[in-house]
There are 2 protein chains.
Amino acid sequence: MTTPTLIGIDWGTSSFRASLIDADGGTLESREDPSGILAIQNRDFEGFLKEAIDDWMCDFPDTPIIASGMITSRNGWLETPYASLPLGIKELAGEMVKHRTQDGRTIHFITGCSQDPNGERPDVIRGEETELIGYLTAHGLESGIFLLPGTHNKWLRVEDGRITQFVTHMTGEVYSLLGKHSILAFGEETTPFCEDAFLRGLTAVKKRPGSLLSNIFTTRTLSLFGNITKEATADYLSGVLIGEEFLSSLRVDGSPPSLTIIGRQDLSLRYQKAAEFFGIPSTIATPGLSQRGQLAIARSAELVP
Amino acid sequence: MTTPTLIGIDWGTSSFRASLIDADGGTLESREDPSGILAIQNRDFEGFLKEAIDDWMCDFPDTPIIASGMITSRNGWLETPYASLPLGIKELAGEMVKHRTQDGRTIHFITGCSQDPNGERPDVIRGEETELIGYLTAHGLESGIFLLPGTHNKWLRVEDGRITQFVTHMTGEVYSLLGKHSILAFGEETTPFCEDAFLRGLTAVKKRPGSLLSNIFTTRTLSLFGNITKEATADYLSGVLIGEEFLSSLRVDGSPPSLTIIGRQDLSLRYQKAAEFFGIPSTIATPGLSQRGQLAIARSAELVP
């Protein structure tokens, strides 16, 4: 096998991915595991990593290892300090934290970023900054508004190649809680995406903005009176929540001229539909951005040629 | 013991209460149980009731029995049709549903009410209407704006003695879900009410209205940076949620000249603080209103003298 330029670890709250990255940021091989940081027994992150990629570490003893994501949070392997805004490749490269494993291997941890840490609205990211850097590098971009949907969705503003502002919305987590544990629960069955119900949810919010706690209850009552099928309630609720997220963003930061969506394909498509609903042109990024971001940061730090 | 005028059953999702009611709506004796309708094994509501008040039924064979609350919902004893708006004592009396038990006793079920059942924002209540009638009767009132906090909070408008409009907010349920299952979880420990944190939550929402999904995340980040104590996070989150509920109500229906709060004492105090924060004079009702409402409705139906 070609010797990789970099070994990249993307370790989040709910998943682990290790990749052999080539000189162009492409992925030669990758391994995924659902063992996010909260699933690691006794916090033995080093043991898990060794198990996962021992052969790579043996085969490529001189290839630098870089890691990003929630692995550097309080519940992760090594809590690294938050970098501050504005944040670009150079800052991320400069703020990396080196850690030596018991086997004598060095891991370079990319740290997260905080905004307004001592103010009334602090915010934090860990991992999304690396994906975003990957996108900027791959497309030679210096500015834009970016949306990274997930459990905690991030909206980020980039100016002159650096992140200057961001906001977290707990949309994904609230959707999951309501769907599993509330009176609105719709179970875990996966039904095909019902676009009509999703748009109906968006419309409900547009008609009554800033009323999330009552808007979500209509998921229950529409179903109670047979005005929506049971199968469609999940997508209706999704529309209500995502609509609230968009309206909040547009109210606080204005309507962006365009939006780039970086995330899981199914979620990205949903957010693209919402963007269209609110009249915002959008682009969905292709996957593999963490690896590109890790390479760009490693290169800026002169870890790799 | 004095013969009661009425036996009143107030049976909700999470609690049961039976009362012997006198001719003034006062409670001679009452029995409570945490067995809400969802806790009744095999839906044997009749068996549970017999167990709970068999002696009363024997001692007072001619006293009418009346029941209100979620007991008339789909998951209850007998699903009764929803009455429609406007809704007052006469309508509630006229819409009562009689049910004969296996022992030959008659139970008069007070039904709930729906609003806009075939429209885009249906809403429903079951039980709160009876408490509200109790309040109106006790105070000789014909109009006002009423707030009944609980798992699903109701804001109701009364005109000419009848409910003309209402809105449900899922504030209580969302608070409980976030506190138990989310990244914001603060466990079940009860700490004294921290008014400062509650007001801080209200202030956060006032400064950034219509952004619930990002506002709640500040509960996490303020705590992460030590800007709020762990003990105070629950009350901060409570302020964020209740603030959202108030702002939504004020936006949709305007600021009421005054507000009457009917509910559990601790919750009512919290809502009174929020009302004060938003400049709305408020009154907290004294307990025992379901019984008063049941008597007023029974009297209007000529079940009792």
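Residues numbered from 1 in each chain as written. Chains lettered and ligands numbered in written order. Predicted model: local features only at pLDDT ≥ 70, side-chain atom pairs only at ≥ 80, totals over all residues. Heavy atoms only, no water.

With an unreviewed UniProt entry as reference, chain A is termed 2-dehydro-3-deoxygalactonokinase, source organism Halomonas nitroreducens.

Asks: Would you explain the overall build of chain A in this entry?
Replies: Summing up its helical and strand segments, chain A has ten helices and 13 strands in all. Overall, chain A is about 65 × 40 × 40 Å in size when its C-alpha atoms are taken along their principal axes. For chain A, restricting intrachain contacts to residue pairs at least 6 apart in sequence, the fraction spanning at least 24 positions comes to 65%. Accessible surface computed for chain A: about 12,800 Å², of which carbon and sulfur atoms make up 48%. Within chain A, the 39 negative side-chain charges are centred at a point lying 6 Å from the centre of the 27 positive side-chain charges. (Helix = DSSP H or I, 4+ residues; strand = E, 2+ residues; numbered from the N terminus. Contact = heavy atoms within 4.5 Å. Areas by Shrake-Rupley, 256 points an atom, 1.4 Å probe, with all protein chains shown as cover. Lys, Arg positive; Asp, Glu negative; His and termini not counted. Charge placed at Lys NZ, Arg CZ, Asp CG, Glu CD.)

Asks: Please clarify how the domain arrangement of chain A should be interpreted in this entry.
Replies: When the parts of a complex come together, some accessible area is lost, and that lost area is often taken as the interface size. For chain A, the assigned domains are domain 1 (6-130 + 292-301) and domain 2 (169-284). Placing the centre of domain 1 of chain A and that of domain 2 of chain A at their C-alpha centroids yields a distance of 31 Å. (Domains from an automatic or database assignment.)

Asks: What is the right way to read the pattern of salt bridges from this model?
Replies: Pairing is possible between side chains of opposite charge, provided their charged atoms come close. Residue and element names in this part refer to chain B. Taken as a whole and judged by the stated rule, the model has 20 salt bridges over all chains. Across the pair Glu32 and Arg17 runs a salt bridge, and its minimum N-O distance is 3.2 Å. Remark: Arg17 occurs in strand E2 (residues 16-21) and Glu32 occurs in strand E3 (residues 27-33); sequence separation between them is 15 residues. Given a relative accessible area of 61%, Glu32 falls into the exposed group. Here Glu91 ties to Arg162 by a salt bridge, and the two come within 2.6 Å at their closest N and O atoms. Linking Glu91 in helix H2 (residues 89-94) with Arg162 in strand E11 (residues 162-169), this pair joins segments that are 71 residues apart in sequence. (Salt bridge = Lys/Arg side-chain N within 4 Å of Asp/Glu carboxyl O. Buried < 20%, exposed > 50% of the residue type's maximum accessible area, 1.4 Å probe, protein only.)

Asks: For this particular structure, what's the right way to read helix H5 (residues 195-207) of chain A?
Replies: Residues spaced three or four apart along an α-helix face the same direction, because each turn holds 3.6 residues. With 13 residues, H5(A) should cover 18 Å at 1.5 Å per step; its first-to-last C-alpha distance of 18 Å lies within 8% of that length. All of the buried residues in H5(A) are A:Ala197, A:Phe198, A:Arg200, A:Gly201, A:Leu202, A:Ala204 and A:Val205. (Expected span 1.5 Å × (residues − 1).)

Asks: Help me understand the relation of the copies chain B and chain A in this model?
Replies: Both copies of the chain are related by a screw-like operation: a rotation about an axis and a shift along it. Superposing chain B onto chain A takes a rotation of 180° combined with a translation of 0.0 Å along the rotation axis, leaving an RMSD of 0.0 Å. Each copy turns onto its partner about a two-fold axis. Closest approach to the rotation axis among the C-alpha atoms of chain B is made by B:Gly210, whose C-alpha sits 1.9 Å away. (Least-squares fit on C-alpha atoms with pLDDT ≥ 70 in both.)

Asks: Sorry, what's going on with the sheet that holds strand E9 (residues 144-148) of chain A here?
Replies: Within a sheet, each strand pairs with its neighbour through backbone hydrogen bonds, oriented either parallel or antiparallel. Residue and element names in this part refer to chain A. With mixed pairing, five strands are arranged side by side in an open sheet as E11-E10-E9-E12-E13. Each of the sheet's edge strands pairs with one partner strand only, and the pair in question is strand E11 (162-169) and strand E13 (282-284). Taken over all neighbouring pairs, the strand axes of this sheet differ in orientation by 20° on average, direction set aside. Docked against the sheet, helix H3 (residues 128-139) engages E9, strand E10 (153-159), E11, strand E12 (259-261) and E13, running at close to 130° with respect to E9. (Pairing = 2+ DSSP bridges. Axes fitted to C-alpha atoms, helices over the stretch in contact; angles between N-to-C directions.)

Asks: Teacher, can you tell me more about the interface of chain B and chain A here?
Replies: Facing the 50 residues of chain B at the interface are 50 residues of chain A. Each partner contributes to the roughly 4,500 Å² buried at the junction of chain B and chain A, and carbon and sulfur atoms together form 61% of this total. Here chain B and chain A share two salt bridges between them. Measuring nitrogen to oxygen at the nearest pair gives 3.3 Å for the salt bridge that ties A:Arg200 to B:Glu120. If you look at where chain B meets chain A, you find 24 residue pairs in polar contact (both at pLDDT 80 or more). When contributions to the side of chain B that touches chain A are tallied by element, the ones reaching two or more residues are strand E8 (123-125), E11, helix H4 (171-181), helix H5 (195-207), helix H6 (212-215), helix H7 (217-224) and helix H8 (233-253) of chain B. Taken together, the residues that form the side of chain B that touches chain A break down as 22 nonpolar, 17 polar and eleven charged. (Buried area = accessible area lost by both parts, 1.4 Å probe. Polar contact = N/O pair within 3.5 Å; in protein donor to acceptor, adjacent residues only side chain to side chain. Nonpolar A, V, L, I, M, F, W, Y, C, P; charged D, E, K, R; others polar.)

Asks: Even after reading the chapter, I still don't get unusual backbone geometry, so can you show me in this structure?
Replies: Excluding glycine, a negative phi dihedral is what most residues carry, and trans is how most peptide bonds are arranged. All names here are of chain A. Leu85 connects to Pro86 through a cis peptide bond whose omega is -10°. Relative to the elements of secondary structure, Pro86 occurs in the loop between strand E4 (65-68) and helix H2 (89-94). A positive phi is found at Asn42, a non-glycine position, where the angle reads about 50°. One can find Asn42 in the loop between strand E3 (27-33) and helix H1 (45-59). By relative accessible area, Asn42 is classed as exposed at 76%.

Asks: Would you mind going over the packing of aromatic side chains with me for this structure?
Replies: Given two aromatic rings, their pairing is described by the distance between the two centres and the angle made by the two planes. All names here are of chain A. Applying the stated criterion to the full structure yields 30 aromatic pairs over all chains. Plain terms: the ring middles of Trp11 and Phe45 are 5.6 Å apart, the flat faces sit at 80° to each other, and that makes the pair edge-to-face. Taken together, the residues Trp11 in strand E1 (residues 6-11) and Phe45 in helix H1 connect sequence positions 34 residues apart. Residue Trp11 shares its accessibility class with Phe45, and that shared class is buried. (Phe/Tyr/Trp six-rings, centres within 6.5 Å; stacked < 30°, edge-to-face > 60°.)

Asks: Looking at this structure, how should I read the environment of A:Gly161?
Replies: All names here are of chain A. Position of Gly161 relative to the elements: it lies in the loop between E10 and E11. Along the chain, Gly161 and Gly88 lie 73 residues apart, while their C-alpha atoms are 6.1 Å from each other. Leaving out residues up to four positions away in the same chain, Gly161 has contacts with Leu87, Gly88, Leu136 and Glu142.

Asks: How should I be thinking about the side chain of A:Arg270 in this particular structure?
Replies: Residues and elements named next belong to chain A. Inspection of the secondary structure assignment puts Arg270 in helix H9 (residues 265-277). We classify Arg270 as buried; its relative accessible area is 16%. Looking at Arg270, its side chain comes within polar contact range of the side chain of Ser238, at 2.8 Å. Leaving out residues up to four positions away in the same chain, Arg270 has contacts with Phe193, Phe198, Asp235, Ser238 and Ile242.

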